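Next come the chains, spelled out residue by residue.
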Amino acid sequence: MIFTVIVLALIAIVGVPAGLTLYLFFVEKGISKLSPKYRKKMRPWLWLAPALIILTVFLLYPVINTIVLSLMNEDSTEFVGLKNYIGIFTESDMLIVLRNNALWLVFFTLVTVTFGLLIAVLTDRVKYEAVAKALIFLPMAISFVAAGVIWKFMYEFKPKGTPQIGTINAALTSLFHSFEPQAWLFNPKINNWALIVVGIWMWTGFAMVILSASIKNIPKEIVEAARIDGAPELQIFVRITLPLIKPTIVVVTTTLIINVLKIFDIVYVMTNGILGTEVIANRMYKEMFNFLNFGMAGALAVLLLIAIIPVMLMNIRRFGEGAKRR
Amino acid sequence: MKGTVINLAKPKSLAARLIRFVRQSPLHAILICICILWMVPTLGLFISSLRPRPLILSTGWWTAFTTPFQFTIKNYLHVIQRANMGRSFFNSLMISIPSTVMPILIAAFAAYAFSWMHFPGRDTLFLIIIGLLVVPLQMTLIPILRLFNRLGLTGTFGGIWIAHTAYGLPFAIYLLRNFIGGIPEDIFESAFLDGASHFQILYRIVLPISVPAIASLAIFQFMWVWNDLLVALIYLGGTPEVAPMTVTISNLVNSYGGGWEFLTSAAFISMILPLVVFFSLQRYFIRGILAGSIKG
């Protein structure tokens, strides 16, 4: 037992890089026997080969395969056309899934960007900026799973009259005496919001750091000049800061959208999608492992891809131009 | 008006400082409140993980600060010995380290070829890789799972290494291609004149120069894999011998329900490494996270 573990660790830490280096070494040795013309032709492809093979087998082919599977039945034996897609947009529990993703998309993104902006502006004016930013960025370091546990504990519910051990119920009942302790994760009216709060708590630091860097890039003279002219701070923010950092806000928003569309872990750990909290990625997992409906699971994945295609095209245009300009 | 501006920028006397502080006090109040709000959830978890079981279940964690102080490390011992957390910690490392090294090395080869070799279709190929950057990994789950099932790779470290390598590659190639492409041409020319081969240039010059980019990339990829739940759930199929911490903890959540003494300590164990990385390598960490956040 201990022996296999040590061998595994060695393979993992030494073997993998050594193997890859050896590959390149033998490639160079092999092509050194070729004529210079062929060597020059072959070399790039052999250097690219590991990357291209892995990308083709584990990304490109699966994408095409999933699109095909999404047009077939549960066990991929029969072509059913758009039946799975029609199901997504008509079945009532699927509509709840779509509604939840839309809730996440709109409110998670909106609140995270707003909070991030607010904190970026506030921290810009104080001496303990670095500490405050580190504290708020910290949740980005931990896993969604750990964050799920942390917040499950925050939301913990005990019946009215008994001492509350969940921070939120305890704080609210001691502040407002008429407040009834809530089962935040089980009450279908509020559980989606409770989950979205966890996402916001994790990602605000991300939005803050990027927006803060962008605010610091604004030339000091512009803001100073406005202050000397007697412009109130709020007006400076709305008329000067906001327009200047608009491109960054767009970048942050798109990034948040890409990530929130695929949200999975928070829901899996905290409610596992029961009581109307399911989102696309969780439903897909259930279709795969609980219902064994690979057609529907594929269709849900394709739906995510379609939602992300505009961002993909934007990236290709933006980064592609940069690459050619080199 | 001008006078106040200068005072705001450089408070000279104590009085001026006091005025400035009072004027800014709402700002400080708001900011400190936000910081406390952001801290409380993590703090509550950490303190609870150190309290004996009956107390966690009957009183709030904030009462731990009142006498009698009752703290224990029993929860941690229990979780490490009985709930498989020790093994899971090792598994997380076993999954994360190769899943970080593999894509970075393979991407370095590719990025070098994309930057400093000429071949037909170079730009198109690079654009395709940029397109793959944001492909949701959900698109790949079913075909790869079926492939792994056929090859017997489900539930093995090897399978999940390859999967994470594939998911990390487009971003790694993109980032390294930008960095390696930006290395001045003179360096390469003088190296060639000295008779160095491409292989030597990559390992002796390009990789050492690229350390800042590689550091950010490595931290991002390592944290991504360390914190991943979905990929591990799918390809490791809940085999306890290979389960990383994220999978073990989510199983604990489902099986123990309200077993807070285990959950809090288990969650904190899983956070130790990311927190150490965060505080010791903050600059690279933030840079890596920001650059990598577009990954699919």
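Procedures and definitions
- Residues numbered from 1 in each chain as written.
- Chains lettered and ligands numbered in written order.
- Predicted model: local features only at pLDDT ≥ 70, side-chain atom pairs only at ≥ 80, totals over all residues.
- Helix = DSSP H or I, 4+ residues; strand = E, 2+ residues; numbered from the N terminus.
- Rg over C-alpha atoms; globule rule 2.2 N^0.38 Å.
- Buried ≥ 20, exposed ≤ 12 C-beta atoms within 10 Å, placed from the backbone.
- Expected span 1.5 Å × (residues − 1).
- Bend = angle between axes of the 7 residues up to and from the residue.
- Contact = placed C-beta atoms within 7 Å.
- Nonpolar A, V, L, I, M, F, W, Y, C, P; charged D, E, K, R; others polar.
- Domains from an automatic or database assignment.
- Axes fitted to C-alpha atoms, helices over the stretch in contact; angles between N-to-C directions.
- Left-handed = near helix turned anticlockwise from the far one by under 90°.
- Parallel < 35°, antiparallel > 145°, perpendicular 65-115°, else oblique.
- pLDDT = per-residue confidence, 0-100.
- Core = buried A, V, L, I, M, F, W, Y, C linked by C-beta atoms within 7 Å.

## Some details on the overall build of chain B
Secondary structure summary: chain B contains 15 helices and zero strands in total. Here the C-alpha atoms of chain B give a radius of gyration of 25 Å, more than 25% beyond the 19 Å that 2.2 N^0.38 yields for 296 residues. With respect to the three principal axes, the spread of C-alpha positions in chain B is 70 × 70 × 35 Å. Sorting the 296 residues of chain B into buried and exposed places 47% on the buried side.

## Some words on helix 2 (residues 36-69) of chain A
Residues and elements named next belong to chain A. The end-to-end C-alpha distance of helix 2, which contains 34 residues, comes to 46 Å, matching closely the 50 Å that a straight helix rising 1.5 Å per residue would cover. The largest bend in helix 2 comes to about 55°, at A49, with the proline P50 one to four residues further on. The set of residues buried in helix 2 consists of P44, W47, L48, P50, A51, I54, L55, F58, L59, P62, T66 and L69.

## A short note on unusual backbone geometry
Only a minority of non-glycine residues have a phi that is not negative, and only a minority of peptide bonds are not trans. Residue and element names in this part refer to chain A. Here the phi dihedral of S76 falls at roughly 60°; this positive angle occurs in a residue that is not glycine. Here S76 lies in the loop between helix 2 and helix 3 (83-90). Even without glycine at this site, N272 takes up a positive phi of about 55°. Its 16 C-beta neighbours within 10 Å are what place N272 among the partly exposed residues.

## What about the interface of chain B and chain A?
Reports of interface size often rely on the accessible area that becomes lost once the parts have come together. On the side of chain A, 89 residues touch chain B, which itself brings 87 residues to the contact. Element by element, the count of residues in the side of chain B that touches chain A is highest for helix 2 (residues 14-49) of chain B, at 14 residues. Across the side of chain B that touches chain A, the residue classes tally to 64 nonpolar, 21 polar and two charged.

## Looking at the domain arrangement of chain A
When its domains are assigned, chain A resolves into domain 1 (2-69) and domain 2 (91-325). Relative placement of domain 1 of chain A and domain 2 of chain A: their C-alpha centres are 37 Å apart.

## Focus: the packing of helix 2 of chain A against helix 8 (residues 157-181) of chain B
One way to put it is that helix 2 of chain A packs onto helix 8 of chain B with a least axis distance of 9 Å and a crossing angle of 115°. Read as a crossing pair, helix 2 of chain A and helix 8 of chain B show a hand that is left-handed. Packed against helix 2 of chain A, whose contacting residues are A:A51, A:I54, A:L55, A:F58 and A:L59, the element helix 8 of chain B presents B:I162, B:A163, B:T165, B:A166, B:L169 and B:I173 at the interface. Tallied by class, residues from the contact of helix 2 of chain A with helix 8 of chain B come to 10 nonpolar, one polar and no charged.

## Focus: the packing of helix 4 (residues 92-123) of chain A against helix 10 (residues 233-261) of chain A
Residue and element names in this part refer to chain A. The geometry of helix 4 relative to helix 10 is characterised by a closest axis approach of 10 Å and an angle of 140° between their N-to-C directions. If you check the angle between helix 4 and helix 10, you find them oblique. Considering the relative orientation of helix 4 and helix 10, their crossing is right-handed. Note on element contacts: helix 10 touches helix 4 through F237, I249, V252, T253, L256, I257, V260 and L261, opposite N101, W104, L105, F108, T109, T112, V113, G116 and V121. Along the lines of polarity and charge, the residues of the contact of helix 4 with helix 10 split into 12 nonpolar, five polar and no charged.

## Quick word on the domain arrangement of chain B
Residues and elements named next belong to chain B. Split by domain assignment, chain B resolves into domain 1 (2-72) and domain 2 (78-292). Taking the mean C-alpha position of each, domain 1 and domain 2 sit 36 Å from one another. At the interface, seven residues of domain 1 touch six residues of domain 2. Elements with a contribution of two residues or more to the side of domain 1 that touches domain 2: helix 2 and helix 3 (53-58). The element best represented in the side of domain 1 that touches domain 2 is helix 2, accounting for four residues.

## A few points about the confidence of the model for chain A
For residues with low pLDDT, the predicted coordinates do not support detailed interpretation. Residue-level pLDDT values for chain A average 86, and 97% of them are 70 or greater. No element of chain A has a lower mean pLDDT than helix 13 (residues 294-325) of chain A, at 80, and none a higher one than helix 4 of chain A, at 92.

## Remarks on the nonpolar core
Ranked by size, the top nonpolar core spans 175 residues in total, and within it A:V149, B:A107 and B:A110 carry the most contacts. Once residues lying within four places of it in the same chain are set aside, the contact partners of B:A107 are A:A51, B:L169, B:A172, B:I173 and B:L176.

## Structural notes on helix 14 (residues 260-280) of chain B
Taking 1.5 Å per residue as the helical rise, helix 14 of chain B with its 21 residues ought to reach 30 Å, and the 30 Å between its terminal C-alpha atoms agrees with that figure. Of all the bends in helix 14 of chain B, the largest measures some 35° and sits at B:I272, one to four residues before the proline B:P274.

## Notes on the confidence of the model for chain B
Residue and element names in this part refer to chain B. Of all residues in chain B, 92% attain a pLDDT of 70 or more, and the chain-wide mean is 83. Here helix 1 (residues 2-9) stands out as the least confident element of chain B, with mean pLDDT 45; helix 12 (residues 230-236) is the most confident, with 91. Overall, residues 1-9 carries pLDDT values under 50, and its contacts beyond four positions in sequence, including any with other chains, amount to seven contacts. Reported for the predicted complex are a pTM of 0.86 and an ipTM of 0.85.

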